[in-house]
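Residue-level structure breakdown
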Amino acid sequence: AAALAADRATDADIERLDAAYAALEAVYASNDMSACIDTDVAFHQVISEAAHNVLIGHLTASLLQVVHGHISSNLQHLHARPQRWAQLQAQHRAIWLAIRERNPEAAARAARVHIEFVRQSSADNAREEERRHTALRRLGEPIA
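Here the structure is a predicted model, which is why all the values come from computation and not from measurement.

Quick notes on the rules
- Within every chain, residues take consecutive numbers counted from 1 along the sequence as written.
- Local features in this predicted model are restricted to residues of pLDDT 70 or higher, and side-chain atom pairs are both shown and tallied only at a pLDDT of 80 or more, whereas totals for entire chains, interfaces and linings draw on every residue.
- For side-chain calculations, the full set of non-hydrogen atoms in the structure is used, while hydrogens and water are omitted.
- Here the aromatic set is Phe, Tyr and Trp, taking the six-membered ring for Trp, and pairing holds for ring centres within 6.5 Å; pairs whose planes are under 30 degrees apart are stacked, those over 60 apart are edge-to-face, and all others are tilted.
- Helix and strand assignments come from DSSP, with helices taken as H or I runs of at least 4 residues and strands as E runs of at least 2, each series counted from the N terminus.
- Relative accessibility thresholds used throughout: buried, under 20% of the residue-type maximum; exposed, over 50%; partly exposed, between the two (1.4 Å probe, protein chains only).
- Lines fitted to C-alpha atoms define the axes here, with helix axes fitted over just the stretch in contact, and angles between the N-to-C directions of these axes take values from 0 to 180 degrees.
- Note on angle classes: values under 35 degrees are labelled roughly parallel, values over 145 roughly antiparallel, values of 65 to 115 roughly perpendicular, and the remainder oblique.
- Left-handed is the label given to a crossing in which the near helix is rotated counterclockwise from the far helix by less than a right angle, and right-handed is the label when the rotation is clockwise.
- Two residues form a contact once any of their heavy atoms are found within 4.5 Å.
- In what follows, salt bridge is the name for a side-chain nitrogen of Lys or Arg lying within 4 Å of a carboxyl oxygen of Asp or Glu.
- Residues enter a nonpolar core if they are buried and are Ala, Val, Leu, Ile, Met, Phe, Trp, Tyr or Cys, with the set joined through side-chain atoms within 4.5 Å.
- Nonpolar side chains (Val, Leu, Ile, Met, Phe, Trp, Tyr) within 5 Å and like charges within 9 Å form the patches, drawn only from residues with over 30% relative accessible area and no salt bridge.
- Here the open area of atoms and residues is found with the Shrake-Rupley method and a 1.4 Å probe, where only the protein chains shown may cover a residue.

Here we look at the packing of aromatic side chains
- Summed over the entire model, instances satisfying the criterion amount to three aromatic pairs.
- Between Y28 and W85, the ring centres sit 4.7 Å apart and the planes meet at 55°, which makes this aromatic pair tilted. Taken together, the residues span a long stretch of sequence, with Y28 in helix α2 (residues 11–28) and W85 in helix α6 (residues 82–100) at a distance of 57 residues. Just as Y28 is buried, W85 falls in that class too.
- Site record: aromatic cluster; members linked through ring pairs are Y21, F43 and W96.

What follows is the structure, encoded as structure tokens:
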């Protein structure tokens, strides 16, 4: 979607992308996780729509709740790790700039880096959660 957006985005799409990215940067500086999650989801949706691919647009719109849940758990995990939080911000910036500069190859590269980062972060989060559950079971405490 990022590569297609870099190739197909109209000036109006770039304007929406700029606004979405500015909102993302502003909210990431806050500690309002709910706003971070909503704004992150919106940023990704703007990219999907700027791709001007009906399948991508419909797919992302229909999976919005699932995506929201994954972004929510991942952002909360990353927010507690300042270095990783900074990496996430840098990745979003790289995607935004590549689309803005209408460079599909750079957008695709930046998106692949981001996807792998998110995949790894989600796996790390799942392992940490399993360790927490194991420790709580050993203590005989209820798992929440």
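Next comes the rest of the description.
Focus: the packing of α2 against helix α3 (residues 33–50)
- Where α2 contacts α3, the two axes come as close as 9 Å, and the packing angle between them is 160°. The pairing of α2 with α3 is recorded here as roughly antiparallel in orientation. Of the two possible hands of crossing, α2 and α3 adopt the one that is left-handed. When α2 is examined against α3, the residues D13, R16, L17, A20, Y21, A23, L24, V27 and Y28 are found in contact with a partner set consisting of A35, C36, T39, D40, F43, V46, I47, E49 and A50.

Comments concerning the pattern of salt bridges
- What the rule picks out here adds up to eight salt bridges.
- Between R81 and E128 there is a salt bridge; the shortest N-O distance is 2.4 Å. Here R81, found in the loop between α5 (64–79) and α6, pairs with E128, found in helix α7 (residues 104–139); they are 47 residues apart in sequence, far enough to count as distant.
- The class for R81 is partly exposed, based on a relative accessible area of 26%.

What about unusual backbone geometry?
- Phi angles above zero are rare outside glycine, and H52 is one such case at about 50°.
- The exposure class of H52 is partly exposed, given its relative accessible area of 43%.
- Of note in the backbone geometry, R102 takes a positive phi value of approximately 55° without being a glycine.
- Tracing the chain through its elements places R102 in the loop between α6 and α7.
- Classification of R102 as partly exposed rests on a relative accessible area of 35%.

Quick word on the nonpolar core
- Judged by nonpolar contacts, the single largest core of 33 residues is most densely connected at Y28, F43, I47, L75, W85 and I99.
- Where this core is concerned, the elements lending two or more residues are α1 (2–8), α2, α3, α5, α6 and α7.
- Excluding residues that lie within four positions of it along the chain, Y28 makes contacts with C36, D40, L75, W85, L88, Q89 and H92.

A look at a nonpolar patch on the surface
- A contiguous nonpolar surface patch, about 300 Å² in accessible area, is contributed by L59, L63, V66 and V67.
- Within the element layout of this structure, V67 appears in helix α5.

Some thoughts on the side chain of S48
- Following the sequence through the fold, S48 ends up in helix α3.
- What S48 contacts, discounting residues up to four positions off in sequence, is A1, I56 and T60.

None of this, on its own, says anything about what the molecule does.
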